[in-house]
Amino acid sequence: MLIGKQSWIFQSKPAIIATGVSGGPFEREGLLPEAFDILHDDLWMEEPSYEQAHRLLIEEAVEVALKKANLTNDDIQFIIAGDLINQITPTSFAARTLGIPYFGIFGACSTSMEGLALSAFIVNNKGANYIVTGAASHNAAAERQFRYPTEYGGQKPPTAQWTVTGAGFAIVSHSTPNQTEFPKITCATIGKVVDLGISDPFNMGGAMAPAAVDTIKTHLKDTGRKITDYDLIVTGDLGKIGYSVALDLLHGDGLNIPEEKFKDCGLLLYRDDQPVQAGASGAASSATVIYGHLLKQMKAGVYKKILCVATGALLSPLTVQQKETIPCIAHAVSIEMDS
Amino acid sequence: MGKSKKKKSKTPEQQQYAQFEQKHEIKRPVVRNCVVAFLVGGTICVIGQAISYFYIYFFNFTEQTAGNPTVATLIFLSMLLTGFGVYDRIGQFAGAGSAVPVTGFGNAVISASIEHRTEGFVLGVGGNMFKLAGSVILFGVFSAFVVALIKTLIMKWVGV
């Protein structure tokens, strides 16, 4: 049901009944290896190309989620997913393997929450019993498309971010009120495209921060919730610069959120001594951390109510070379545990 | 249909945000980068000089002719380092220090070739090998032409 200007309330509270998360070698060395169900030792993953390795990550994550939920591909009505590669071929090719009716979506790094919001909406309106949704990215595949060849010796500035190799998928289904073991999706806010004139592709956090803040503010306004209603507000991949900008913008608007209740997936995934500059980015940043790490923490009772704000930079290598600024977007989904 | 003039000016809101955002940016450590680039670039040149002497003393090369085998050897080394996945790490550490010498040119060529191997030898490797280095060749040749032109004109008119 529409509430406010651009938000949905899901009265039936669709549940996330299972998740599957896969990752690469860099994620294994990071802070959250336990968030991943499958971790690969190298970026090729025994595939002939990075793009095919990318496809494999998606297939594996979906298979793990299905196995955990005790479901087969035939039980699933739709898969709603996307990635960063041109024409989202890794996701489409994975959908070919999986044989599940498919919605391909592109929201850059905001794809995870775009997919989750759409899935919850469809399930809430009885358009499906089970939907698989998620997002994926592959460091080397993204690097060669958006930047330089992986072995090129260019120096990245400290504002640059590291694309996550991984895929995070969740199965969304109906819930009953007495089911307390599953995290439930209660509302979502679809963001609008915000462009405050940043054109440096090596500073995407700085470009995306205003979009995240805009969506958080709209979410609170639309739903009538307060920032204190949430145990945690987590952004997708703002990185160090974007995070501090967003925090400052929120405080400037009188939303005094304490630092421990405002986190960024891009800052949770890697160790400080890994060469990731300002933090993680990529469609898998929010997908792996939320589905692999934060939902586990919710089930463990650390958080009861979180707002996941996945942020996306809607650029292409072409628009960067044509000196265009970077339009950005953020989608927010509220996930809660019934007590 | 005329070309629409692209407005370069930003809106006041965007200008305000740019200033605000700047304060949060982590600045490039320019002094550190310059010092490291100088040291690493210098080291690569010292190695090049040593290779050059090697060819002069052990083979029949003169100071004028030792240049070609020296460059070839350096590019070969840079290609090995690129193939083994080391050169991009040196690049992140050294910046211009490893990009400006001829080894950086070798790295730009070989990294693109390795990268596009998955698209086949002709359209992949062949078509993309000079993706990065192509502009170096174009503007290198063009600036050499301009310098040669200036030199020729000066010699003709001034008679130096």
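Here we look at the overall build of chain A
Looking only at helices and strands, one finds 10 helices and 15 strands in chain A. In summary, chain A has a C-alpha radius of gyration of 18 Å against a globular reference of 20 Å for 339 residues, a match within 12%. Dimensions of chain A along its principal axes, counting C-alpha atoms only, are 55 × 50 × 35 Å. For chain A, the residues scored as buried account for 60% of the 339 residues in total.

Some points on the overall build of chain B
In terms of regular secondary structure, chain B is built from eight helices and zero strands. For chain B, the succession of helices and strands along the chain, N to C, is α-α-α-α-α-α-α-α. Here the C-alpha radius of gyration of chain B, 22 Å, is well above what a compact globule of 160 residues would show, namely 15 Å. Each principal axis of the C-alpha distribution contributes one length, and for chain B these read about 70 × 50 × 40 Å. Every one of the 160 residues in chain B was classed for burial, and the buried ones make up 21%. Pairs at least 24 apart in sequence give 55% of the contacts found in chain B among residues at least 6 apart.

Details of the interface of chain A and chain B
Taken together, the contact between chain A and chain B spans 27 residues of the former and 29 residues of the latter. When contributions to the side of chain A that touches chain B are tallied by element, the ones reaching two or more residues are α6 (204-223) and α7 (239-252) of chain A. The element contributing the most residues to the side of chain A that touches chain B is α7 of chain A, with four residues. In terms of residue class, the side of chain A that touches chain B is made up of 13 nonpolar, 10 polar and four charged.

Quick notes on the environment of Gln-77 of chain A
All names here are of chain A. As for its placement among the helices and strands, Gln-77 is situated in the loop between α2 (50-69) and β5 (78-82). For the pair Gln-77 and Leu-196, spaced 119 residues apart in sequence, the C-alpha to C-alpha distance is 39 Å. Apart from the residues within four sequence positions on either side, Gln-77 is in contact with Pro-101, Ala-128, Asn-129, Tyr-130 and Ile-131.

Overview of helix α4 (residues 111-124) of chain A
Since one α-helical turn is 3.6 residues long, residues separated by three or four positions face the same way. Residues and elements named next belong to chain A. Its 14 residues place the ends of α4 20 Å apart at the C-alpha level, agreeing with the 20 Å of an ideal helix rising 1.5 Å per residue. Counting buried positions along α4 gives 12 out of 14 residues, so the element sits mostly inside the fold. Residues of α4 that are buried include every one of Thr-111, Ser-112, Met-113, Glu-114, Gly-115, Leu-116, Ala-117, Leu-118, Ser-119, Ala-120, Val-123 and Asn-124, and no others. Looking one or two residues beyond α4, the residue adopting positive phi is Lys-126, at roughly 60°.

Quick notes on the domain arrangement of chain A
Residue and element names in this part refer to chain A. Split into domains, chain A comes out as domain 1 (2-173) and domain 2 (188-337). If you list the elements that add at least two residues to the side of domain 1 that touches domain 2, you get β2 (7-9), β3 (15-23), α1 (25-28), α4, β7 (130-137), α5 (139-146), β8 (162-163) and β9 (166-173). Here the side of domain 1 that touches domain 2 takes seven residues from α4, the largest share from any one element. Tallied by class, the residues present in the side of domain 1 that touches domain 2 amount to 28 nonpolar, 20 polar and six charged.

Thoughts on the domain arrangement of chain B
One can read the domain layout of chain B as domain 1 (39-129) and domain 2 (133-160). Distance from the C-alpha centre of domain 1 of chain B to the C-alpha centre of domain 2 of chain B: 25 Å.

Things to note about the nonpolar core
All names here are of chain A. Among the nonpolar cores identified, the biggest contains 118 residues, and Ala-65, Ile-171, Ala-212, Ala-246, Ile-306, Cys-308 and Val-309 are the most heavily contacted of them. Looking at this core, the element that brings in the most residues is α2, giving 11 residues. Residue contributions to this core reach at least three from each of two domains, namely domain 1 (2-173) and domain 2 (188-337). Sequence-distant contacts of Ile-306, defined by excluding residues within four places in its chain, comprise Tyr-230, Asp-231, Leu-232, Val-234, Leu-294, Met-298 and Ile-335.

Re the pairing of strand β11 (residues 232-235) of chain A
Residue and element names in this part refer to chain A. Burial along β11 is two-sided: Leu-232 and Val-234 facing one way and Ile-233 and Thr-235 facing the other are all buried. As defined by bridge partners, β11 adjoins strand β14 (residues 305-313) across four bridges and the pair is classed as parallel. Along β14, the bridge assignment pairs Val-234 with Cys-308. Inspection of the sheet shows β11 paired to strand β12 (residues 262-264) by three bridges, in the parallel sense.

Quick look at unusual backbone geometry
Residues and elements named next belong to chain A. A positive phi angle is found at Glu-46, which is not glycine, with a value near 60°. We classify Glu-46 as exposed; it has 10 C-beta atoms within 10 Å. Residue Gln-87 is not a glycine yet carries a positive backbone phi of 60°. On the secondary structure map, Gln-87 appears in the loop between β5 and α3 (89-98).

Considering the environment of Gly-67 of chain B
Tracing the sequence through the fold places Gly-67 of chain B in helix α3 (residues 67-83). Remark: the alpha-carbon pair of Gly-67 of chain B and Ile-51 of chain B, spanning 16 residues in sequence, is separated by 9.5 Å.

Digging into the confidence of the model for chain B
All names here are of chain B. Residues of chain B with pLDDT of at least 70 account for 94%, and the chain-wide mean is 91. For residues 1-5, every residue scores under 50 in pLDDT, and the model assigns this stretch zero contacts once sequence neighbours within four places are set aside. Quick note on the complex model: pTM equals 0.93, ipTM equals 0.85.

Some thoughts on the packing of α4 of chain A against helix α9 (residues 283-299) of chain A
All names here are of chain A. In contact at an axis separation of 7 Å, α4 and α9 are set at 60° when each is read in the N-to-C sense. Relative to α9, the element α4 is oriented oblique. For the pair α4 and α9, the contacting residues are Thr-111, Ser-112 and Met-113 in the first and Ala-283, Ser-286, Ala-287 and Ile-290 in the second. Of the residues that constitute the contact of α4 with α9, the class distribution is four nonpolar, three polar and no charged.

The rules behind these values
Counting of residues starts from 1 at the beginning of each chain's written sequence and follows it residue by residue. Chain labels run from A onward and ligand labels from 1 onward, assigned in the order the entries are written. Whole-chain, interface and lining totals are the exception, using all residues; otherwise, since this is a predicted model, local features are given only for residues with pLDDT of at least 70 and side-chain atom pairs are given and counted only at 80 or more. The numbering of helices and of strands both runs from the N terminus, where a helix is a DSSP run of H or I of at least 4 residues and a strand a run of E of at least 2. We compute the radius of gyration over the C-alpha atoms and compare it with the globule rule, which gives 2.2 Å times the number of residues raised to the power 0.38. Three classes are used. A residue is buried when 20 or more other C-beta atoms lie within 10 Å of its own, exposed when 12 or fewer do, and partly exposed in between, with C-beta atoms placed from the backbone. Placing C-beta atoms from the backbone, we regard two residues as in contact once those atoms come within 7 Å. Under this grouping Gly is polar, as are all residues other than the nonpolar Ala, Val, Leu, Ile, Met, Phe, Trp, Tyr, Cys and Pro and the charged Asp, Glu, Lys and Arg. A helix's residues, less one, multiplied by 1.5 Å, set its expected span. What counts as a domain boundary in this text is fixed by an automatic or database domain assignment. Structurally, a nonpolar core is described as a collection of buried Ala, Val, Leu, Ile, Met, Phe, Trp, Tyr and Cys residues joined by way of C-beta atoms within 7 Å. For two strands to pair, DSSP has to find at least two bridges joining them. Per residue, pLDDT measures the predictor's confidence, with a range of 0 to 100. Axes here mean lines fitted to C-alpha atoms, for a helix over just the part in contact, with angles spanning 0 to 180 degrees between N-to-C directions. Comment on the angle field: the value is read as roughly parallel under 35 degrees, roughly antiparallel over 145, roughly perpendicular from 65 to 115, and oblique elsewhere.

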